[in-house]
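Now for the letters of each chain:
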Amino acid sequence: MEDELLLAVSPPPPPTRPADVMTAGGEHIEGQARCDACEHLFTPALREEPDGSGGVVGRFDCPHCERRYEAYAIDARGLSLRERVAGAKSDRHRRHLKAQLKAHVTHGRGLLPA
Ligand SMILES: [Zn+2]
(Lines give C-alpha, C1' and ligand atoms only; values in the text may rest on other atoms or scores of the structure.)
Protein backbone atom coordinates (compact mmCIF):
# COMPACT_ATOMS: atom_id res chain seq x y z
CA MET A 1 0.00 0.00 0.00
CA GLU A 2 2.86 2.37 0.77
CA ASP A 3 4.40 1.64 -2.60
CA GLU A 4 1.05 2.25 -4.19
CA LEU A 5 0.89 5.68 -2.57
CA LEU A 6 4.39 6.56 -3.64
CA LEU A 7 3.39 5.86 -7.20
CA ALA A 8 0.05 7.60 -6.91
CA VAL A 9 0.93 10.36 -9.32
CA SER A 10 3.80 9.16 -11.44
CA PRO A 11 6.42 6.52 -11.02
CA PRO A 12 9.68 8.12 -9.98
CA PRO A 13 12.34 7.66 -12.65
CA PRO A 14 15.62 6.20 -11.46
CA PRO A 15 17.01 9.29 -9.77
CA THR A 16 20.42 10.41 -10.91
CA ARG A 17 20.13 13.97 -9.63
CA PRO A 18 17.87 15.42 -6.93
CA ALA A 19 15.95 17.39 -9.52
CA ASP A 20 14.87 14.09 -11.03
CA VAL A 21 13.38 12.75 -7.82
CA MET A 22 9.63 12.86 -8.16
CA THR A 23 6.99 11.32 -5.98
CA ALA A 24 3.57 12.13 -4.62
CA GLY A 25 4.21 11.14 -1.05
CA GLY A 26 6.01 8.92 1.36
CA GLU A 27 8.94 9.82 3.53
CA HIS A 28 11.74 8.17 1.71
CA ILE A 29 12.73 7.36 -1.84
CA GLU A 30 14.65 4.23 -2.60
CA GLY A 31 17.56 5.06 -4.79
CA GLN A 32 20.21 7.67 -4.77
CA ALA A 33 20.52 11.21 -5.95
CA ARG A 34 23.55 13.29 -6.82
CA CYS A 35 23.67 16.83 -5.50
CA ASP A 36 23.65 19.49 -8.21
CA ALA A 37 25.78 21.74 -6.04
CA CYS A 38 28.50 19.49 -4.62
CA GLU A 39 28.00 16.20 -6.54
CA HIS A 40 27.65 14.24 -3.31
CA LEU A 41 25.81 10.94 -3.86
CA PHE A 42 23.13 10.31 -1.25
CA THR A 43 19.76 8.75 -0.51
CA PRO A 44 17.19 11.55 -0.30
CA ALA A 45 15.23 11.59 2.97
CA LEU A 46 11.99 13.28 2.01
CA ARG A 47 9.95 15.20 4.53
CA GLU A 48 6.68 17.02 4.02
CA GLU A 49 6.27 20.52 5.37
CA PRO A 50 3.15 22.71 5.46
CA ASP A 51 3.08 25.22 2.62
CA GLY A 52 1.11 27.76 4.65
CA SER A 53 -2.11 27.36 2.69
CA GLY A 54 -3.24 23.86 3.59
CA GLY A 55 -0.95 21.91 1.29
CA VAL A 56 2.50 20.43 1.77
CA VAL A 57 5.88 20.64 0.11
CA GLY A 58 8.11 17.56 -0.13
CA ARG A 59 11.68 18.54 0.58
CA PHE A 60 15.05 17.00 1.19
CA ASP A 61 18.56 18.28 1.82
CA CYS A 62 21.98 17.29 0.63
CA PRO A 63 23.63 15.82 3.75
CA HIS A 64 27.01 17.01 2.56
CA CYS A 65 26.53 20.70 1.69
CA GLU A 66 23.00 21.12 3.09
CA ARG A 67 21.62 22.55 -0.14
CA ARG A 68 17.83 22.30 -0.09
CA TYR A 69 15.74 20.62 -2.74
CA GLU A 70 12.04 20.68 -3.43
CA ALA A 71 10.76 17.44 -4.90
CA TYR A 72 7.07 18.27 -5.20
CA ALA A 73 4.21 20.29 -3.80
CA ILE A 74 0.63 19.19 -3.19
CA ASP A 75 -2.15 21.69 -2.51
CA ALA A 76 -4.89 21.24 0.10
CA ARG A 77 -7.32 19.64 -2.34
CA GLY A 78 -4.54 17.30 -3.48
CA LEU A 79 -3.92 16.10 0.08
CA SER A 80 -7.56 15.27 0.46
CA LEU A 81 -7.51 13.39 -2.86
CA ARG A 82 -4.36 11.52 -1.84
CA GLU A 83 -6.13 10.22 1.26
CA ARG A 84 -9.10 9.16 -0.79
CA VAL A 85 -6.81 7.32 -3.24
CA ALA A 86 -5.42 5.37 -0.28
CA GLY A 87 -8.91 4.44 0.86
CA ALA A 88 -10.39 3.73 -2.56
CA LYS A 89 -12.49 0.56 -2.60
CA SER A 90 -12.05 -0.26 -6.27
CA ASP A 91 -9.32 0.08 -8.89
CA ARG A 92 -11.68 2.04 -11.08
CA HIS A 93 -12.37 4.57 -8.37
CA ARG A 94 -8.66 4.74 -7.49
CA ARG A 95 -7.74 5.50 -11.11
CA HIS A 96 -10.42 8.16 -11.24
CA LEU A 97 -9.07 9.83 -8.08
CA LYS A 98 -5.47 9.59 -9.26
CA ALA A 99 -6.38 11.35 -12.49
CA GLN A 100 -7.86 14.20 -10.45
CA LEU A 101 -4.88 14.24 -8.07
CA LYS A 102 -2.43 14.95 -10.89
CA ALA A 103 -3.78 18.47 -11.30
CA HIS A 104 -2.93 19.26 -7.68
CA VAL A 105 0.71 18.19 -7.69
CA THR A 106 3.60 20.33 -8.85
CA HIS A 107 6.77 18.40 -9.55
CA GLY A 108 10.41 19.00 -9.08
CA ARG A 109 11.47 22.58 -8.76
CA GLY A 110 14.70 20.91 -7.73
CA LEU A 111 17.55 22.85 -6.24
CA LEU A 112 16.39 25.88 -4.29
CA PRO A 113 18.38 29.10 -4.10
CA ALA A 114 21.01 28.95 -1.36
ZN1 LIG B 1 25.50 18.96 -1.87
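All chains use their own residue numbering, which begins from 1 and follows the written sequence. pLDDT decides what is reported in this predicted model: residues at 70 or higher carry local features, side-chain atom pairs at 80 or more are listed and counted, and totals for whole chains, interfaces and linings draw on all residues regardless. Excluding hydrogens and water, the side-chain figures rest on all heavy atoms present in the structure.

A. Here's a closer look at the packing of aromatic side chains. Under the pairing criterion, centres of Phe, Tyr and Trp rings, with the six-membered ring standing for Trp, must be within 6.5 Å; the plane angle then separates stacked pairs below 30 degrees from edge-to-face pairs above 60, leaving the rest tilted. A complete count under the given rule lists two aromatic pairs for this structure. Between Phe42 and Phe60, the aromatic rings sit 6.2 Å apart at their centres with planes inclined by 50°, giving tilted as the arrangement. Of the two residues, Phe42 is situated in strand β2 (residues 41-42) and Phe60 in strand β4 (residues 56-61); the sequence distance between them amounts to 18 residues. Relative accessibility thresholds used throughout: buried, under 20% of the residue-type maximum; exposed, over 50%; partly exposed, between the two (1.4 Å probe, protein chains only). Under the relative-accessibility criterion, Phe60 is labelled buried at 0%. Per the convention used, a helix needs a DSSP run of H or I reaching at least four residues, while a strand needs a run of E reaching at least two, with both numbered from the N terminus.

B. Summary view of the coordination of the zinc ion. For Na, K and Ca the donor cut-off is 3.2 Å; for every other metal, N, O and S atoms count as donors within 2.8 Å. Water does not enter the count, which can leave sites looking incomplete. Bound to the zinc ion are the protein donor atoms Cys35 (SG), Cys38 (SG), Cys62 (SG) and Cys65 (SG), situated 2.3 to 2.4 Å from the metal. Taken together, the four donor atoms surrounding the zinc ion define angles of 104 to 113° at the centre, an arrangement classified as tetrahedral. Written as a sequence motif, the donor residues of the zinc ion are C-x2-C-x23-C-x2-C. The exposure class of Cys65 is partly exposed, given its relative accessible area of 30%. Site shape is set this way: if four donors have all angles between 85 and 135 degrees, tetrahedral; if opposite donors are over 155 degrees apart and all others between 65 and 115, square planar for four donors and octahedral for six; otherwise irregular.

C. Quick look at helix α2 (residues 76-86). Looking only at α2, the buried set comprises Gly78, Leu79, Leu81, Arg82 and Val85. When α2 is viewed along its axis, its buried side chains cluster within an angular range of 165° and face the same direction. The directions from the helix axis to the C-beta atoms are what the arc is built from.

D. Examining the nonpolar core more closely. Phe42, Phe60, Tyr72 and Ile74 are the most contacted members of the largest nonpolar core, which has 18 residues in total. At the level of secondary structure, the elements contributing two or more residues to this core comprise β4, β5 (68-74), α2 and α3 (91-101). In terms of residues, this core owes the most to one element, β5, which gives four residues. The set of buried Ala, Val, Leu, Ile, Met, Phe, Trp, Tyr and Cys residues whose side-chain atoms join them within 4.5 Å is what this entry labels a nonpolar core.

So far we have only geometry, and geometry alone does not tell us how the molecule works.
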